[in-house]
Amino acid sequence: MADEYPSLFRSEQMSLVQLFVPTEVAHDAVAELGELGNVQFKDLNPNVNPFQRSFVGEIRRIDEMARRVRFFAEQIEKEKDVIPIRPLYDSAPLITVGPRAAHTIDELDTTLSERERRLVSMNTSYDDLSKRAKELIEARYVLRETAQFFEKAQGHQTDIRTSFDDSSAPLLQHDDRESAYAPASGGFDLEFVAGTIERSRVPTFERVLWRVLRGNLYMNHTDITEPFMDSSTGQETWKNVFIIFAHGDALLAKIRKVAVSMGAELYPIDPNADKRAESLKEVTERLEDLETVLYNTGLSRREELIRIGESLRSWQDVVKKEKMIYETLNLFNYDVRRKTLIAEGWAPTRDITTIQLALRHATEESGTSVPPILHELRTHKTPPTFHRTNKFTEGFQTIMDSYGIAAYEEVNPGLFAVITFPFLFAVMFGDIGHGTIILVAAIYMILAERRLAKAGLGEIMGQFFYGRYIILLMGAFSIYTGLIYNDIFSKTLHLFHSGWTFPETNGTVVGELGEHRYPFGLDPAWHGSDNGLVFSNSYKMKMSIVLGVIHMTFALCLQLPNHIRFKRPVDIYANFIPQMIFLQSIFGYLVICILYKWSIDWSKSSTAPPSLLNMLIAMFLEPGSVKPGTQLYRGQGFVQAVLLGLAGICVPWLLITKPYLIWRDMKRVHSQGYVGLGHGDDALEGEEEGNGRAIAEAAHEGEEQHDFGEVVIHQVIHTIEFCLGCISHTASYLRLWALSLAHAQLSEVLWNMTLAFVLGPDTFSSIFGWIGLLLMGAFWFAATVFILCIMEGLSAFLHALRLHWVEANSKHFEGGGYAFTPLSFAGIDSKE
């Protein structure tokens, strides 16, 4: 029955299948199986170099196509103005299976190559034009600034100063004559070099020139007000125009070398003012023409990118699928004699019929008459672990798989985490109001999941969206525990009549309990009472112990179906039973005492209620004896002595029983002289059927054999870990009480520090009261959402996670499995 109706209780039954695929239908068959997504192929060529496999040529071709597609995507991302990209679901599909599959890929390759050639040509032209425009703009600035400099130089005398040896002094002022500023008009042979340089390099440039030319120069520089944009990198560069006067060709040559070495651009400027004006006019006209050409080139490039964006997503999809197909085909073994590809892989047993139908459909689509052949192989290899989930259970299963992959057909803790995880979260987070907020948020994400799934939510919001069903149950359970705690935004609900009355006697109000009891949850009369916090602390602390022992007991019980499934009766008698007795004789007894103490009306008892913590300590320190003032029930000393004796017996039971039974079986086998002979007739029969590879591999992965000393050491460690873990894990569940208390107190503090200030009898009587209420209410709601719901919620989430991973899973989880990773085209966008 378990095989016919698989569930999350165990991993699905897997089969090792072998495929004989004709070469002409291999591509389409793998494509169909990739769409199906339930076959995990094995590498049948582990010793073959990746560059020597059958389909390495096709993979190289697909890699080149993928490079072009990535190039297109990068170009679109670099655009300042957003280029629309048509989504995949709205794009026309490219048919890459069937008789015309090869022709479609060839056409796509040609299209991508042509698009890349055109785009590269446009980029080159645009870069060249941009570089030329940049040079013309710099030349225009140089001409303008030099013209202004000469005009100023003709109008006044220069300041004279002597240079100093101090390297930090201002540079390059000399006792030159006025004619030095205007060599063309004054007749003095003083030449100059003009150009542009990055603004950050100007101080260094000045200092180097001063050192090299020993001060025999005059330099002036001016800032260029607009930045220059690098078309390839998109970075802004700020530059300065400089003009340097010196005498002699040798000095000018040195200036040019220094300027070029520091990345400066030099421009030939005529000393004659008329020629400079003519050059400026010519440069301006050429720049206007160039800007027109540059604009048209950019417009053509953008139109090309828009056309590419129409098909980019479908190209990416095809390229990714084709690469996965050919990488999978490289895992197959090629039979030269039969001209077929041989594949092996794991598949869920109940999906084999679906796989066969998919292979038949691939044969029909490819137009061939020879279908692939599939049959199951018998093997002793451990299959992968596969839990079939839906969008509701996927999040819970992922949480458990993050701890470790369960062994094949081991009991799956993810099934029970669907209930236990949100419930333990809610114990720490219990509040009707806060639970309602996260419940509404989860319902919104579920109702809008189709739209949100297509939107780019980012990493953080994507995680919340992925766990929307976890958040849904956490919100629902938080409302339930909030009703039990009778807590809504640190206030109470009077759903029923309270069982307490508060008569005033001598100026003191003391609560009196009547015959009526509050039917569900905490009585609202405790809220605001002087001993309300003491009562809720005691209640939640004991409740956390009760829930913790129940959770650990349930987790321990999950050992039993594992031992029965894997036919390990020794572990039932040597591990499960003594562990259960040990846990229940101490902490199960404590839970019963808590419940019994709750059931007694101590106001009518002749003795005070005993401390259960002191009772548990005295149970170990003074076994068999109970002081009269601390006795909970008659015969308590004898019961505790018996339970303590049972717990003491369980320790050597755990230590000795399993190693002894294993030692006895090993001695009996060795005394009879038996020697293992592999798998006998089954192996020979498998060889005859052509399953030699599977049988040979299985021989290397037989059951793991351990030395007897390792068994003893493992059992000793296991015993110590369990006995000490029972104590520490029970104490660890007190985090349920601590976080619940912290959440309630933080909620109360937030209310008292915000809304309590503005809520009063005069709040609604004036406009200022309404404004204060709205402002403070907005602040309170924002703090409630971001601090109490998100931050406190994440804290409770992590603590609930720890209780499942450490306290519960350590009681039964074996792990050691490996996940089922089939060839699947689903979600290939997220894998990129």
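(A) Main features of the overall build of the chain. Looking only at helices and strands, one finds 26 helices and 15 strands in the chain. Evaluated residue by residue, the chain yields a buried proportion of 44% over its 832 residues. Long-range contacts, defined here as pairs at least 24 residues apart, represent 81% of the contacts in the chain between residues at least 6 apart.

(B) Expanded view of the pairing of strand β7 (residues 239-246). The buried fraction of β7 amounts to 8 of the 8 residues, a majority that puts the element mostly inside the structure. Both faces of β7 are covered, namely the face carrying Lys 239, Val 241, Ile 243 and Phe 245 and the face carrying Asn 240, Phe 242, Ile 244 and Ala 246. Strand direction decides the pairing type here: strand β3 (residues 191-198) and β7, joined by 8 bridges, are antiparallel. Bridge pairing in β7 places Thr 196 opposite Val 241. Both strand β4 (residues 218-223) and β7 contribute to a ladder of 6 bridges, which runs antiparallel.

(C) Representation of the pattern of salt bridges within the structure. Per the stated rule, a full pass over the model turns up 33 salt bridges. A salt bridge links Glu 344 to Lys 42; the shortest N-O distance between them is 3.6 Å. With Glu 344 in strand β10 (residues 340-348) and Lys 42 in the loop between β2 (40-41) and α2 (56-78), the pair connects residues that are 302 residues apart, well separated along the chain. You can call Glu 344 buried: its relative accessible area is 3%. Residue Asp 63 pairs with Lys 323 through a salt bridge whose shortest N-O separation is 3.1 Å. Placement of Asp 63 in helix α2 and of Lys 323 in helix α7 (residues 273-329) is noted, with a sequence separation of 260 residues between them. Asp 63 sits in the partly exposed class, given a relative accessible area of 30%. Residues participating in the shared-partner salt-bridge network are Arg 61, Glu 64, Arg 67, Arg 68, Asp 106, Asp 109 and Glu 116.

(D) The arrangement of a nonpolar patch on the surface in detail. A surface patch of nonpolar side chains, amounting to about 850 Å² of accessible area, comprises Ile 460, Met 461, Phe 464, Leu 746, Phe 786, Ile 787, Ile 790, Met 791 and Leu 794. Counting only elements with at least two residues in the nonpolar patch, the list comes to α13 (458-466) and α25 (767-808). For the nonpolar patch, the element with the highest residue contribution is α25, accounting for 5 residues. With respect to the element layout, Met 461 can be found in helix α13.

(E) Fine view of the packing of helix α15 (residues 532-557) against helix α22 (residues 708-732). α22 packs onto α15 with a crossing angle of 145° between their chain directions and a minimal axis gap of 10 Å. Contacts between α15 and α22 involve Ile 545, Val 549, Met 552 and Leu 556 from the former and Phe 722, Cys 726, His 729 and Thr 730 from the latter. Here the contact of α15 with α22 is built from residues that sort into 6 nonpolar, 2 polar and no charged.

(F) Fine view of the nonpolar core. Among the nonpolar cores identified, the biggest contains 71 residues, and Phe 421, Phe 582 and Leu 736 are the most heavily contacted of them. When residues in this core are grouped by element, the largest group, 12 residues, is from helix α17 (residues 569-598). When near neighbours in sequence (up to four residues on either side) are disregarded, Phe 582 contacts Ala 647, Cys 650, Val 651, Phe 722, Cys 723 and Cys 726. Within the second largest apolar cluster, 47 residues are counted, among which are Ile 62, Phe 71, Ala 73 and Leu 119.

(G) Here's a closer look at helix α18 (residues 612-621). All of the buried residues along α18 are Leu 612, Met 615, Leu 616 and Met 619. Summarising the axial view, the buried residues of α18 lie within an arc of 95°, below the 170-degree limit, and thus occupy one face. Those residues of α18 that are exposed and angled more than 90 degrees off the buried face are Leu 613 and Leu 621. Turning to α18, the residues buried within the fold contact α15, α17 and α19 (636-671).

(H) Structural context of unusual backbone geometry. For Asn 486, which is not a glycine, the phi torsion comes out positive at approximately 55°. With respect to the helices, strands and loops of the structure, Asn 486 is situated in the loop between α14 (468-485) and β12 (500-501). With a phi close to 70°, Ser 490 is a non-glycine residue in the positive phi region. Here Ser 490 shows up in the loop between α14 and β12. Judged by relative accessible area, Ser 490 falls into the buried class, the value being 5%.

(I) Up close: the packing of aromatic side chains. The final tally for this structure, using the stated rule, is 27 aromatic pairs. Residues Phe 392 and Phe 396 carry aromatic rings whose centres are separated by 6.0 Å and whose planes lie at 50° to one another, so their mutual orientation is tilted. Given a relative accessible area of 29%, Phe 392 falls into the partly exposed group. Exposure remark for Phe 396: the relative accessible area of 0% places this residue in the buried category. Feature note: the residues Trp 526, Phe 535, Tyr 539 and Trp 598 constitute an aromatic cluster, connected by ring pairs.

(J) Focus on the sheet that holds strand β8 (residues 265-267). On the basis of which strands lie adjacent, the open sheet formed by 4 strands has the order β4-β7-β3-β8 and antiparallel pairing. Looking at strand neighbours, the two that pair on one side only are β4 and β8, the edges of this open sheet. Averaged over all neighbouring strand pairs, the angle between strand axes comes to 25°, with direction disregarded. In this structure, β3 lies alongside β8, joined through 3 bridges in antiparallel fashion. By the bridge assignment, Thr 196 is partnered in β8 with Glu 265.

(K) Broad picture of helix α23 (residues 735-753). Taking 1.5 Å of rise per residue, 19 residues should cover 27 Å, and α23 covers 26 Å from first to last C-alpha, within 8% of that figure. Buried within α23 are the following residues: Arg 735, Leu 736, Leu 739, Ser 740, His 743, Ala 744, Ser 747, Leu 750 and Trp 751. Along α23, the residues classed as buried sweep out an arc of 160° about the axis, all on the same side.

(L) Representation of a negative patch on the surface in the model. Taken together, Asp 274, Glu 278, Glu 282, Glu 285, Glu 288, Asp 289 and Glu 291 make up a surface patch of like negative charges. Counting through the fold element by element, Glu 288 comes out in helix α7.

(M) Highlighting the environment of Leu 794. Locating Leu 794 in the fold gives a position in helix α25. In the structure, Leu 794 is positioned 369 residues away from Phe 425 in sequence and 9.7 Å away in space, judged by C-alpha atoms.

(N) Quick look at the side chain of Asn 412. Counting through the fold element by element, Asn 412 comes out in the loop between α9 (394-403) and α10 (413-429). Relative accessible area serves as the criterion here: at 1%, Asn 412 is assigned to the buried category. Excluding its chain neighbours within four sequence positions, the residues that come into contact with Asn 412 are Leu 8, Phe 9, His 387 and Gln 397.

Quick notes on the rules
- Residues numbered from 1 in each chain as written.
- Predicted model: local features only at pLDDT ≥ 70, side-chain atom pairs only at ≥ 80, totals over all residues.
- Heavy atoms only, no water.
- Helix = DSSP H or I, 4+ residues; strand = E, 2+ residues; numbered from the N terminus.
- Buried < 20%, exposed > 50% of the residue type's maximum accessible area, 1.4 Å probe, protein only.
- Contact = heavy atoms within 4.5 Å.
- Pairing = 2+ DSSP bridges.
- Salt bridge = Lys/Arg side-chain N within 4 Å of Asp/Glu carboxyl O.
- Patch = residues over 30% accessible without salt bridge, like charges linked within 9 Å, V, L, I, M, F, W, Y side chains within 5 Å.
- Areas by Shrake-Rupley, 256 points an atom, 1.4 Å probe, with all protein chains shown as cover.
- Axes fitted to C-alpha atoms, helices over the stretch in contact; angles between N-to-C directions.
- Nonpolar A, V, L, I, M, F, W, Y, C, P; charged D, E, K, R; others polar.
- Core = buried A, V, L, I, M, F, W, Y, C linked by side-chain atoms within 4.5 Å.
- Arc of directions from axis to C-beta.
- Phe/Tyr/Trp six-rings, centres within 6.5 Å; stacked < 30°, edge-to-face > 60°.
- Expected span 1.5 Å × (residues − 1).
- Lys, Arg positive; Asp, Glu negative; His and termini not counted.
- Charge placed at Lys NZ, Arg CZ, Asp CG, Glu CD.

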